[in-house]
Amino acid sequence: WSRRCRLAVGLVSALSLGLTNFCLEKYVQRNPTSRLARDMDDGCNRRLYNYAVPILSMGLGLSLWVASLSTTMTETRQDWWFGVRRQWSSSWAAGLAAGHYAQDIVANQWCGMVLFMHHVAAVAHAFCLQAASSWSGLLFSWSGVYEAGSLLLCLSYTGVVSRHVGHMAATLSSVIGMGLGVHGLIVKWPLDELNCAAWFSVIALTGLGVGRIQDGVEQLRQIQRIADKRA
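Worth saying up front: this structure is predicted, and the values here are computed from it rather than measured.

Thresholds applied
- Residues numbered from 1 in each chain as written.
- Predicted model: local features only at pLDDT ≥ 70, side-chain atom pairs only at ≥ 80, totals over all residues.
- Heavy atoms only, no water.
- Salt bridge = Lys/Arg side-chain N within 4 Å of Asp/Glu carboxyl O.
- Helix = DSSP H or I, 4+ residues; strand = E, 2+ residues; numbered from the N terminus.
- Buried < 20%, exposed > 50% of the residue type's maximum accessible area, 1.4 Å probe, protein only.
- Expected span 1.5 Å × (residues − 1).
- Phe/Tyr/Trp six-rings, centres within 6.5 Å; stacked < 30°, edge-to-face > 60°.
- Lys NZ or Arg CZ within 6 Å of the ring centre and 35° of its normal.
- Contact = heavy atoms within 4.5 Å.
- Polar contact = N/O pair within 3.5 Å; in protein donor to acceptor, adjacent residues only side chain to side chain.
- Axes fitted to C-alpha atoms, helices over the stretch in contact; angles between N-to-C directions.
- Parallel < 35°, antiparallel > 145°, perpendicular 65-115°, else oblique.
- Left-handed = near helix turned anticlockwise from the far one by under 90°.
- Nonpolar A, V, L, I, M, F, W, Y, C, P; charged D, E, K, R; others polar.

(A) Structural context of the pattern of salt bridges. Under the definition given, this model contains 2 salt bridges. The residue Asp104 makes a salt bridge to Arg46 at a minimum N-O spacing of 3.8 Å. Placement of Asp104 in helix 4 (residues 88–107) and of Arg46 in the loop between helix 1 (3–30) and helix 2 (52–70) is noted, with a sequence separation of 58 residues between them. One exposure class covers both Asp104 and Arg46, and it is buried.

(B) Structural detail: unusual backbone geometry. Along the chain, Trp189 connects to Pro190 via a cis peptide bond; the corresponding omega equals 15°. Its location among the elements puts Pro190 in the loop between helix 7 (163–187) and helix 8 (196–230). A positive phi angle, near 65°, is found at Trp135, a position not held by glycine. If you check the backbone angles, Leu191 has positive phi at about 65° while not being a glycine.

(C) Layout of helix 6 (residues 136–157). Taking 1.5 Å per residue, 22 residues should reach 32 Å; helix 6 reaches 32 Å between its end C-alpha atoms and fits that length. Of all 22 residues making up helix 6, 18 are buried, and the element is well covered by its neighbours. Looking at the residues trailing helix 6, positive phi occurs at Gly159, about 95°.

(D) Inspection of the packing of aromatic side chains at higher detail. What the rule picks out here adds up to 3 aromatic pairs. Consider the rings of Trp80 and Trp81, whose centres lie 5.9 Å apart with planes at 55°: the pair is tilted. Take Trp81: its relative accessible area is 19%, and that puts it in the buried class. Ring geometry for Phe82 versus Trp135: centroids 6.0 Å apart, planes at 70°, classification edge-to-face. Taken together, the positions of Phe82 in helix 3 (residues 77–82) and Trp135 in the loop between helix 5 (112–131) and helix 6 put the pair 53 residues apart, joining distant regions of the chain. You'll find Phe82 and Trp135 in the same group, each marked buried. The ring of Tyr51 carries Arg46 above its face, with NZ or CZ at 5.9 Å from the centroid.

(E) Summary view of the environment of Ser156. By the secondary structure assignment, Ser156 is in helix 6. For the pair formed by Ser156 and Gly166, sequence separation is 10 residues and the distance between their alpha carbons is 5.0 Å. Every residue in contact with Ser156, bar those within four places of it in the chain, is listed here: Val161, Ser162, Arg163 and Gly166. A distance of 2.5 Å separates a polar atom in the side chain of Ser156 from the backbone oxygen of Leu153.

(F) View of the packing of helix 2 against helix 4. At a minimum axis separation of 8 Å, helix 2 and helix 4 run at an interaxial angle of 165°. When the axes of helix 2 and helix 4 are compared, the pair comes out roughly antiparallel. Crossing hand, helix 2 versus helix 4: left-handed. Across the interface between the two elements, Val53, Pro54, Ser57, Leu60, Gly61, Leu64, Ala67 and Ser68 of helix 2 pack against Trp88, Ser89, Trp92, Ala93, Leu96, His100 and Gln103 of helix 4. Residue classes in the contact of helix 2 with helix 4 are distributed as 9 nonpolar, 6 polar and no charged.

(G) Inspection of the side chain of Thr171 at higher detail. Looking at where Thr171 falls in the secondary structure, it is placed in helix 7. Under the relative-accessibility criterion, Thr171 is labelled buried at 8%.

(H) Just the environment of Leu48, in detail. For Leu48, the position within the fold is in the loop between helix 1 and helix 2. Looking at Leu48, the relative accessible area reads 13%, which means it is buried. Each C-alpha atom of the pair Leu48 and Leu180 lies 33 Å from the other, and the pair is 132 residues apart in sequence. Apart from the residues lying within four places of it in its own chain, the contact partners of Leu48 are Arg35, Leu36, Arg38, Met40 and Thr158.

Written out as structure tokens, the structure reads:
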């Protein structure tokens, strides 16, 4: 895909997801007793409708990641993992991610400066994925593993799975993603093939992984403390 097409996907994603958020918010304002207005008790004063767009976009993004994996030929997988191989699925996923996080800053409630910086870095990372000189498959998969954990975490706040399962999934996915990154750093050192965009993605994903693990461990400890008190 050309750069113009990727930008178009990001813009369309931002507008469509933002419009969806806007419509859901207006619906909840007119129907305050609706199930969509239920408080999720997530520490950010979010309601059920606030999770609809993130779950939708993450689910679609993960589907595109699976499509990218399935369309990668076995004999070219090594070139895709550490090299550069532009695919419609990865380009669409990057545009979708940029659009989602950009509109989420404006249309949804974000909890504090840390989450705001996460969204800004996520938008930059999405564009860097497409500008990276190498590691296309590794960086895309690293991001995809994180998103899988985030999806389960969002589902846990909506009650589809337990909070324990959600935070455990977010923590384990962070560990697995970090493992992919560490493996790449070891086998490809001194990493001469990485340009600035690729380095930004590596640093951003590493920092995000560390933060996710710290938060996940703390949340799991808190859940255990609450369970002990109830027992």
